[in-house]
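# Residue-level structure breakdown
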Amino acid sequence: MTLSTTLQLRLDDVLAELVHARRQGDLGRLALIAYCEARRWARDAGKSALAELASEMITRSPHSSREAFLREIDALIDEMQHLQFECGQAPVRPLDPSSRLAPGH
């Protein structure tokens, strides 16, 4: 897969923001980045399925729990890292499961 340099750099930025917000447990920031930044990037890159995923995880009915929302965020991060790898880029450092905040923190 080939992306323009601009799209590759934006992918790096969006992923870095997602991973940082995930490590901080900032649910509001995660929702904002997923809906605004990740969705916009996916649309610009022609990844309509990823754009739809990012949109639906925010706009559909409320999540059953904080953990359910975080699992969807983790899946979004994984998918974006996979795209980054396909572009031949070194992926943003994967989210270390031990660094994830415990539920309720």
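Everything quoted here is computed from the prediction, not taken from an experiment. (Residues numbered from 1 in each chain as written. Predicted model: local features only at pLDDT ≥ 70, side-chain atom pairs only at ≥ 80, totals over all residues. Heavy atoms only, no water.)

What characterises a pair of aromatic rings is the spacing of the ring centres plus the angle enclosed by the ring planes. Applying the stated rule across the entire model yields 0 aromatic pairs. Seen from the ring of Tyr-35, Arg-39 lies directly overhead, with NZ or CZ sitting 3.9 Å from the centre. (Phe/Tyr/Trp six-rings, centres within 6.5 Å; stacked < 30°, edge-to-face > 60°. Lys NZ or Arg CZ within 6 Å of the ring centre and 35° of its normal.)

So, about the confidence of the model for the chain. In this model, the chain carries an average pLDDT of 85, and 82% of its residues clear a pLDDT of 70 or more. Note on residues 101–105: pLDDT under 50 across the span, and 10 contacts to partners over four residues away in sequence or across chains. (pLDDT = per-residue confidence, 0-100. Contact = heavy atoms within 4.5 Å.)

In this section: helix H2 (residues 27–44). Because an α-helix completes one turn every 3.6 residues, residues spaced three or four positions apart along the sequence face the same direction. Taking 1.5 Å as the rise per residue, H2 with 18 residues should run 26 Å; its terminal C-alpha atoms sit 25 Å apart, in good agreement. Its axis deflected by about 35° at Ala-34, H2 carries its strongest bend there. Packed against the buried residues of H2 are helix H1 (5–24), helix H3 (48–59) and helix H4 (66–86). Taken from the residues just after H2, Gly-46 is the one with a positive phi, measuring 80°. (Helix = DSSP H or I, 4+ residues; strand = E, 2+ residues; numbered from the N terminus. Expected span 1.5 Å × (residues − 1). Bend = angle between axes of the 7 residues up to and from the residue.)

The next thing to look at is the nonpolar core. Generally speaking, soluble globular proteins have nonpolar side chains that are buried together. Counting 27 residues, the largest nonpolar core has Leu-18, Leu-30, Trp-41, Leu-50, Ile-73, Leu-76 and Met-80 as the members making the most contacts within it. When residues of this core are traced back to their parent elements, those giving at least two are H1, H2, H3 and H4. The contacts of Met-80, once residues within four sequence positions are left out, are Leu-11, Val-14, Leu-15, Leu-18, Ala-38, Trp-41 and Leu-50. (Core = buried A, V, L, I, M, F, W, Y, C linked by side-chain atoms within 4.5 Å. Buried < 20%, exposed > 50% of the residue type's maximum accessible area, 1.4 Å probe, protein only.)

This part takes up the pattern of salt bridges. Counted according to the given criterion, the structure contains 5 salt bridges. In this structure, the salt-bridge partner of Arg-22 is Asp-74, at a minimum N-O distance of 2.9 Å. With a gap of 52 residues between them, Arg-22 in helix H1 and Asp-74 in helix H4 connect regions that are remote in the sequence. Considered together, Arg-22 and Asp-74 belong to a single accessibility category, that of buried residues. (Salt bridge = Lys/Arg side-chain N within 4 Å of Asp/Glu carboxyl O.)

Inspection of the secondary structure puts Leu-15 in helix H1. Judged by its relative accessible area of 0%, Leu-15 falls in the buried class. Placed 66 residues apart in sequence, Leu-15 and Gln-81 show a C-alpha to C-alpha distance of 7.5 Å.

Our focus in this paragraph is the environment of Gly-88. With respect to the secondary-structure elements, Gly-88 resides in the segment after H4. Residues Gly-88 and Gln-8, spaced 80 residues apart in sequence, show a C-alpha to C-alpha distance of 9.9 Å.

The next subject is the packing of H2 against H4. Taken N-terminus to C-terminus, the directions of H2 and H4 make an angle of 35°; their axes are 11 Å apart at the nearest point. At the point where H2 passes H4, the crossing takes the left-handed sense. Within the contact between the two elements, H2 uses Leu-27, Leu-30, Ala-31, Ala-34, Ala-38 and Trp-41 and H4 uses Arg-66, Phe-69, Leu-70, Ile-73, Leu-76, Met-80 and Leu-83. Its residues assigned to classes, the contact of H2 with H4 comprises 12 nonpolar, no polar and 1 charged. (Axes fitted to C-alpha atoms, helices over the stretch in contact; angles between N-to-C directions. Left-handed = near helix turned anticlockwise from the far one by under 90°. Nonpolar A, V, L, I, M, F, W, Y, C, P; charged D, E, K, R; others polar.)

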